[in-house]
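Chain residues, written in single-letter form:
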Amino acid sequence: MLKQTVIQQRLRAMLVRPQSTLILAGLCAATANAVAQEAGVIPEVIVTAQKTAQPASKTPLALSVLGGDDLRQAGATNAVALTELAPNVQISTDNGKLQVAIRGVVSLDTSEKGDSSTAFNVDGAYIGRTEAQLGAFLDLERIEVLRGPQGTLYGRNATAGAINLITNKPTNKLEGRVDVELGDYNARRLEGVVNIPVNSTLALRAAAVTVSHDTYQNPGPNQVGLADQDDNAGRLHALFTFSPQTSWLLTAERSKSGGNGASVVPLTNFFTGTPIAGGNNLANPQYVDRGAEAQLTAAAQYANIGSHKADVATSLRSEFKTSLGGVADLTYQFARLRAEVDQLNNGTYFGFPMYNYVTGGSTQRTHEVRLNSAGDSALSWVAGVYHFNEDIFRASSYNTVTPGPLIVVPFAPSIESRSKAAFGQLTYRFDKKLRVTFGARTTRDEKSGHDALSGSTTGPGYTAHVESSKSNFRLAADYDVAPAIMVYGSLSTGYKAGGFNDTSGKEYLPENITSVEGGIKGRFLNNKLRLSAAIFHYDYKDMQLTSVVCTGAGTAANCGALTTNASNAKIKGVEVEGSYAVTADDRINFSAATSDGKFQKYHPNDTADWSGQQIDRAPAYNASLGYTHTFALDSGATIAARIGTRLNGAYFLSDSSAAIRYRQPVYRKSDIGVTYTSPSQSYYVQLFARNLENSVTLDSLLPGGFGIGAPRTFGLRAGTQF
């Protein structure tokens, strides 16, 4: 939809920055292919996954690329939607914070002391806090999902992979766009974009979006508000183009995640079993399909205290680029992110109503100075230095309402994190077909924390300090077996920093992954078929697992989250994805993936043995298939009809300390949509329905309940541009 204008925007945006011959050549090819798409050709996409612009089909790693139009058509309003759009990716939320699992690698610690296993970046700026990663998607050019450890170019906390959000940048044309969405559950979405060329040096681009819907949950006996969405976001880009070789991009961005706080549904909505540990878990849980109506009901009684969420993330970013005499291109990126948290969440704990207050803020600053080789010599390279610092304060309390006194478990931690790194990667082209890449990164991390409460109103609290350092590497080779077909192989490592626990200050070690991967990428049948496939094997050491642990008498007054280096694991799998333009009017998108992730020798407690069992959030398989047919009308307008489905294998959500595992069975979710686009492509109207099967899936596990996915939804989208 509106493809010609989008490609023109990308061409103009990239031409105002320093570029090498390779980038210009690739961009011209991408533009030509996009124009030719009407003839049934799959267009090439330029990505920056390896910190330099190159065609996606020539990037030697497992990579999914999703364009801005595709995201809007799919109704992707935040990162959770990527679960349905990329193979071997599971994304969910836990108390309003993002959890990303890629190929079974995930961090479940979304507290102030925890770090994600996936590097989440917006225009190259790392976003550390998981609550800030849930900002609404707006005015995106594309999203790049990198699967596999990215320890060389992305550094710490990228053992699972990386997610890169690339926004649309200012151009030299006055233009704008408005998109509207209405749906059931009182769903509303309004996005507006305007691009203003002020003069030959300065161009501005502003975007804003508001997204809301009512809760998907049935209230049951509750009167407090249940989890819903009421988000808004805005962004302003200012691009100064001083010369063809020098530019400066300044960005101000703000997002708010509002509405009601998190709420869960009871374990018994999905499982039978005997309550244990006062109601936090079920012994020998067996899945029972009670139907969507029962699954969506918050049947447990919450405390009638209230519910709210007002998480605000404000960021300022600067990216300066210039050419150093045609020898190299210099990039300096600075970003400051301020994330404020204000939540009142509801749930149950030990069978009683529990409400959780969370307030506080964090300030993060990142600096990266990077040099890229210029020209078209046999040796290309990228090198840089990186510095990260973050200061966090949280005040939270877990309040359990019992027939006796209110049990209050308070926390007031202050956390300081520092990281610095130097990295480099070079690629040598032996001839027109063979290239070899070597990259390395050395990182040093420090994390300090203090909490005078640490779960007790009388202390003694904790004071902790951990340091770790690691050198990661990547060795890869790729070979063109044909002009448009490449095979590659790689050996790479990833590292996630260690830390400490918020109830005791007890330390846990870093986790490390060594990955062996091979793949093929190509364009076949006269560019009508784009296909990529990968096979991978991980050696996963000192896996960090998080669960709630109780000590002493096992009551709400002496419980807290505990992260330990629980086990080593082996993970292997295969991934295939692609697009096929059967005709100029018919297109098929497809993917299929397997993931065999198993614990090695592992005893989660004194009595249980999980050795050889499947790790959490690693379905044995997933597959997707989508078909679009476009009807050309005599007026020049088009009607595109699309149907798509995704099949997901079973996966586990576990409480390792209690040695309890909940198994989400195999499920399928299907979507349909019909889109009318005007003859001038100036506006479109779309009817859509998502999750036709009304499959309600388990997203996260909390004591006594589950966070759940969205049920069936339907609605209308419309948009116009000028």
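Before any of the text, the structure's been laid out above.
Residue numbers run consecutively from 1 along every chain, following the written order of its sequence. Local features in this predicted model are restricted to residues whose pLDDT is 70 or higher, and side-chain atom pairs enter the listing and the counts only when it is 80 or higher, whereas totals over whole chains, interfaces and linings include all residues. Computation of side-chain values covers all heavy atoms of the structure but excludes hydrogens and water.

Remarks on the pattern of salt bridges
Stage number 1. Take a side-chain nitrogen of Lys or Arg and a carboxyl oxygen of Asp or Glu: if they are within 4 Å of each other, that pair is a salt bridge. According to the stated counting rule, one finds 37 salt bridges in the structure shown.
Stage number 2. For the salt bridge of Asp 115 with Arg 129, the shortest nitrogen-to-oxygen distance reads 3.4 Å. Placement of Asp 115 in the loop between strand E5 (97-102) and strand E6 (118-122) and of Arg 129 in the loop between strand E7 (125-126) and strand E8 (140-147) is noted, with a sequence separation of 14 residues between them.
Stage number 3. When accessible area is computed with a 1.4 Å probe and restricted to protein chains, residues below 20% of their type maximum are described as buried, those above 50% as exposed, and intermediate ones as partly exposed. When its relative accessible area of 6% is taken as the criterion, Asp 115 is described as buried.
Stage number 4. Arg 435 is the salt-bridge partner of Asp 480, the closest N and O atoms lying 2.9 Å from each other. Here Asp 480, found in strand E26 (residues 462-482), pairs with Arg 435, found in strand E25 (residues 434-451); they are 45 residues apart in sequence, far enough to count as distant. For the residue pair Asp 480 and Arg 435, the accessibility class agrees, reading buried in each case.
Stage number 5. Via salt bridges that share partners, Asp 139, Arg 177, Asp 179, Arg 189, Glu 191 and Arg 205 belong to a single interconnected network. Numbering of helices and strands runs from the N terminus; a helix is a DSSP stretch of H or I covering at least four residues, while a strand is a stretch of E covering at least two.

Section: the environment of Ser 243
Stage number 1. Here Ser 243 lies in strand E13 (residues 229-243).
Stage number 2. The partly exposed category is assigned to Ser 243, whose relative accessible area is 23%.
Stage number 3. Once the C-alpha coordinates of Ser 243 and Ser 200 are considered, the two residues, 43 residues apart in sequence, prove to be 9.9 Å apart.

Considerations on unusual backbone geometry
Stage number 1. You will see that Asn 88, though not glycine, has its phi angle at about 55°, which is positive.
Stage number 2. Inspection of the secondary structure assignment puts Asn 88 in the loop between helix H3 (68-73) and strand E4 (89-94).
Stage number 3. Classification of Asn 88 as buried rests on a relative accessible area of 4%.
Stage number 4. Positive phi is not limited to glycine here, since Gln 681 has a value of about 60°.

Re the sheet that holds strand E15 (residues 265-266)
Stage number 1. The 3 strands are arranged E15-E41-E40 in an open sheet whose pairing can be described as antiparallel. If you trace the sheet from one side to the other, it starts and ends with E15 and strand E40 (698-702), each paired once.
Stage number 2. Pairing between E40 and strand E41 (residues 705-708): 4 bridges, direction antiparallel. Looking at E41, one finds that Leu 701 is bridged to Phe 706. Two strands make a pair as long as DSSP finds a minimum of two bridges between them.

Some thoughts on the nonpolar core
Stage number 1. Membership of the largest hydrophobic core comes to 43 residues, with the highest contact counts inside it found for Leu 82, Phe 120, Ile 143, Ile 163 and Leu 165.
Stage number 2. Mapped by element, the contributors of at least two residues to this core are E4, E5, E6, E8, strand E9 (161-167), strand E20 (328-349), strand E31 (529-550) and strand E32 (559-581).
Stage number 3. Of the residues forming this core, the biggest block, 5 residues, is contributed by E31.
Stage number 4. Beyond its immediate chain neighbours, meaning those up to four positions away, Ile 143 contacts Ser 64, Val 65, Leu 66, Leu 71, Leu 82, Phe 137, Ile 163, Asn 164 and Leu 165. We define a nonpolar core as any set of buried Ala, Val, Leu, Ile, Met, Phe, Trp, Tyr and Cys residues linked to one another through side-chain atoms lying within 4.5 Å. Pairs of residues are marked as contacts when any of their non-hydrogen atoms sit within 4.5 Å.

Worth remembering: the numbers are spatial, not functional.
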